[in-house]
Amino acid sequence: MKKKFLNLGSQPIANSFLPNVSKKTIKKEFFYKLTVSFDDKDYLVSVTNPVNPKIQYTDKYAHRASESKTMRKAFKNIALKLNKRFKPKKIMEIGSNDGVFIKNFPQNNVIAIEPCKNLAKITAKKFKTYPNFWNQKLAHKIFKNKKKADLIFSANTISHIPNLKETFKAIEFSLSENGIFVIEDPSLSSVVINNSYDQFYDEHVYIFSALAISNIAKKNNLRLFDIENISTHGGSLRYYICKNNSKYIITKNLIKVIKYEKKKSLNKLSTFKNFSKRVEKSKKDLIKLLNKLKKQNKKIISYGATYKSTTLFNYCNIDKRYIDYVTDTTINKQGKFTPGKHIPIISPKKGFNESVDYAFLGAWNFKKEILKKEKKFIKRGGKFITHVPFIKILS
Ligand code: TMP
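Residues numbered from 1 in each chain as written. Predicted model: local features only at pLDDT ≥ 70, side-chain atom pairs only at ≥ 80, totals over all residues. Heavy atoms only, no water.

Q: Honestly, the overall build of the chain in this entry has me stumped. Any pointers?
A: Within the chain one finds 14 helices and 17 strands. The C-alpha radius of gyration of the chain comes to 21 Å, within 12% of the 21 Å expected for a compact globule of 395 residues. Counting only C-alpha atoms and orienting by the principal axes, one finds that the chain spans roughly 65 × 50 × 40 Å. If you take every contact in the chain between residues at least 6 apart in sequence, the share linking residues at least 24 apart comes to 70%. When the accessible area of the chain is evaluated, it comes to approximately 18,500 Å², of which 53% is carbon and sulfur surface. (Helix = DSSP H or I, 4+ residues; strand = E, 2+ residues; numbered from the N terminus. Rg over C-alpha atoms; globule rule 2.2 N^0.38 Å. Contact = heavy atoms within 4.5 Å. Areas by Shrake-Rupley, 256 points an atom, 1.4 Å probe, with all protein chains shown as cover.)

Here it is as structure tokens:
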């Protein structure tokens, strides 16, 4: 049974950056109630009432996976690794974004699935691309009476699809006998340890654990056989799933991760109730710090117009009273306003300058890359603020 443990209040769509802040635009803004639940039967943590994907994945979808150096490198590395270990001939990616993963494979071996039409257009120039949502109907269209996929890859996408049963059934149909399904998504243990409640937003319908994925796979004639901890998105897990009867055996690493998750009590509601208390404290502490800095007339900006920041700004009620603007390198986010709280977004070139005293790390998951890049800011006395794993000024 699903049990609610966290209430993040009224939230807009995390990536619905506003083109202007006219009364008409603001009136049209869509809000929903963001609460998070734990299912004590299959250990799945999910947004209680997911938003309709058709509102989310439109032809205006802003996120470009290849914008970040960290992600470009990560996708290249995993493509090489999968090629070496499994030697797949037919590869499919679900949620191919701008092609950052598939571009590492031979053009004719790849099928891309991407419902956001603006992104699908990019990969369609080179790869066979279906601009559709992943489901059984599409799986049948692609694979009925055809050679099945040896590798189905999906990074930061499966956790976005509300109907998991449909998703996994379609996967089971599409995999070859010894084909593998590899998914990457932010991990529940990282969210709990980092107190990164901003990982919950409309797109992140699920925050998976190995315990939950193992249960879901089992229900759909699949099984989890291997797993890897990866650093992307503030701590993710890469799950290796195969058909029930395929040749792969469970790895030591999977046994270790399952043991660890049980030790961290990711199968107990009380863990999430405690997490919820820590989230409330994080909100209080952040407001307290921002109020203190504002009293000292400090200029605070936010670094990275992330979807995660949408949750945080709206939950903590942070707007232009505290944050002058948000800087972001993504060209199609610049000139827009953050969802719900309407903070202007500008380019770092324009906004990340001498006048800034404090920068809130909205893109905390790229902390390493950012701190390396912004040595000059730190050297001249600029400071970063983070809420992960608790509110602090980075020194
Ligand atoms: P994400 O966490 O959803 O991937 O979003 C990260 C956002 O942060 C993305 O819009 C790009 C932005 N960003 C910067 O503006 N500067 C940077 O140095 C990095 C790494 C990201």
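Q: What am I meant to see in the pattern of salt bridges here?
A: A side chain of one charge can pair with a side chain of the opposite charge if their charged atoms are brought near each other. Taken as a whole and judged by the stated rule, the model has twelve salt bridges. Two residues, K219 and D42, come together in a salt bridge whose shortest N-O distance is 3.4 Å. Of this pair, K219 sits in helix α8 (residues 210-219) while D42 sits in the loop between β2 (31-39) and β3 (45-47); the two residues are 177 residues apart in sequence, bridging distant segments of the chain. Judged by its relative accessible area of 11%, D42 is buried. E228 is the partner of R238 in a salt bridge, and the nearest nitrogen-oxygen pair spans 3.3 Å. In this pair, R238 is assigned in strand β11 (residues 236-243) and E228 in strand β10 (residues 222-230), connecting sequence segments ten residues apart. Here R238 matches E228 in class, with each residue buried. (Salt bridge = Lys/Arg side-chain N within 4 Å of Asp/Glu carboxyl O. Buried < 20%, exposed > 50% of the residue type's maximum accessible area, 1.4 Å probe, protein only.)

Q: Help me out: how do you make sense of the sheet that holds β2 in this one?
A: Think of a sheet as strands paired side by side through backbone hydrogen bonds, with each pair either parallel or antiparallel. With antiparallel pairing, four strands are arranged side by side in an open sheet as β1-β2-β3-β9. The open sheet has two edge strands with one neighbour each: β1 (2-12) and β9 (206-207). Two strands pair when backbone bridges link them, and β2 and β3 are joined in this way by three bridges, in the antiparallel orientation. Counted as the bridge partner of V36 is V47 from β3. The strands touched by helix α11 (residues 307-316) within the sheet are β1 and β2, with β1 carrying the most contacts at an inclination of about 85°. (Pairing = 2+ DSSP bridges. Axes fitted to C-alpha atoms, helices over the stretch in contact; angles between N-to-C directions.)

Q: Is there a simple way to explain the side chain of D202 in this structure?
A: Relative to the assigned elements, D202 resides in the loop between α7 (188-194) and β9. Although D202 is buried, it makes no salt bridge; K333 carries the closest opposite charge, 12 Å away. Aside from chain neighbours lying at most four places away, what touches D202 is P12, I13, A14, Y32, V51 and Q56. (Lys, Arg positive; Asp, Glu negative; His and termini not counted.)

Q: Where do I start with the site of the ligand in this structure?
A: Taken together, 16 residues lie near the ligand, and K308, D328, T329, K333 and K373 sit nearest. K308 has a polar side-chain atom sitting 2.8 Å from an oxygen atom of the ligand. Note that an oxygen atom of the ligand is positioned 3.0 Å from one of the side-chain N or O atoms of N365. Calculation on the ligand without its partners gives an accessible area of 490 Å², and the protein chains cover 94% of this total. Ranked by the residues each element gives to the shell around the ligand, the list is headed by helix α13 (residues 367-373), at three residues. (Near = heavy atom within 4 Å. Polar contact = N/O pair within 3.5 Å; in protein donor to acceptor, adjacent residues only side chain to side chain.)

Q: Teacher, can you tell me more about unusual backbone geometry here?
A: Outside of glycine, negative phi angles account for most residues, and trans bonds account for most peptide bonds. In this model, V388 is joined to P389 through a cis peptide bond whose omega is 0°. Checked against the element boundaries, P389 lands in the loop between β16 (383-386) and β17 (392-394). Non-glycine residue K87 carries a positive phi angle of around 45°. Within the fold, K87 resides in the loop between α3 (69-86) and β4 (91-94).

Q: Any chance you could explain the sheet that holds strand β15 (residues 358-361) here in plain terms?
A: Taken in spatial order, the six strands make up an open sheet running β14-β13-β12-β15-β16-β17, and their pairing is mixed. Of all the strands in the sheet, just β14 (345-346) and β17 have a single pairing partner and so form its edges. Alignment of β15 against β16, held across three bridges, turns out to be parallel. Residue pairing across strands places F360 opposite I385, the latter belonging to β16. Across the sheet, helix α10 (residues 269-295) lies against β12 (300-303), β15, β16 and β17, angled at about 155° from β16, the strand it touches most.

Q: Mind showing me how you'd approach the nonpolar core here?
A: Nonpolar side chains tend toward joint burial in soluble globular proteins. Within the largest apolar cluster, 91 residues are counted, with the highest numbers of intra-cluster contacts made by W134, Y239, I241 and I318. Setting aside residues no more than four positions away along its own chain, Y239 makes contact with F181, V182, I183, F208, S209, A210, I213, L224, D226 and I227. If you look at the next biggest cluster of nonpolar residues, it comprises 40 residues, including A112, V182, I370 and F377. (Core = buried A, V, L, I, M, F, W, Y, C linked by side-chain atoms within 4.5 Å.)

Q: Is there a simple way to explain the packing of α10 against α11 in this structure?
A: A pair of packed helices is captured by two measures, namely the crossing angle of their axes and the spacing between those axes. Where α10 meets α11, the axes come as close as 10 Å, and the angle between the chain directions of the two elements is 75°. As judged from the angle between their axes, α10 and α11 are roughly perpendicular. Between α10 and α11, the contacting residues are V279, E280, K283, L286 and I287 on the first element and L312, Y315 and C316 on the second. Grouping the constituent residues of the contact of α10 with α11 by class yields six nonpolar, no polar and two charged. (Parallel < 35°, antiparallel > 145°, perpendicular 65-115°, else oblique. Nonpolar A, V, L, I, M, F, W, Y, C, P; charged D, E, K, R; others polar.)

Q: It is not clear to me how helix α9 (residues 252-263) should be interpreted in this structure. Could you clarify?
A: Working note: α-helix, 3.6 residues per turn, so residues spaced by three or four point in the same direction. With twelve residues, α9 should reach 16 Å at 1.5 Å per residue; the first-to-last C-alpha distance of 17 Å fits that figure. When we look at burial in α9, the residues that qualify are L254, V257, I258 and E261. Projected down its long axis, α9 carries its buried residues within an arc of 100°, all on one side. Away from its buried face by more than 90 degrees, α9 exposes K252, I255, K256, K259 and K263. In the core, the buried residues of α9 are packed alongside α8, β10 and β11. Once α9 finishes, S265 follows within two positions and takes phi at roughly 55°, a positive value. (Expected span 1.5 Å × (residues − 1). Arc of directions from axis to C-beta.)

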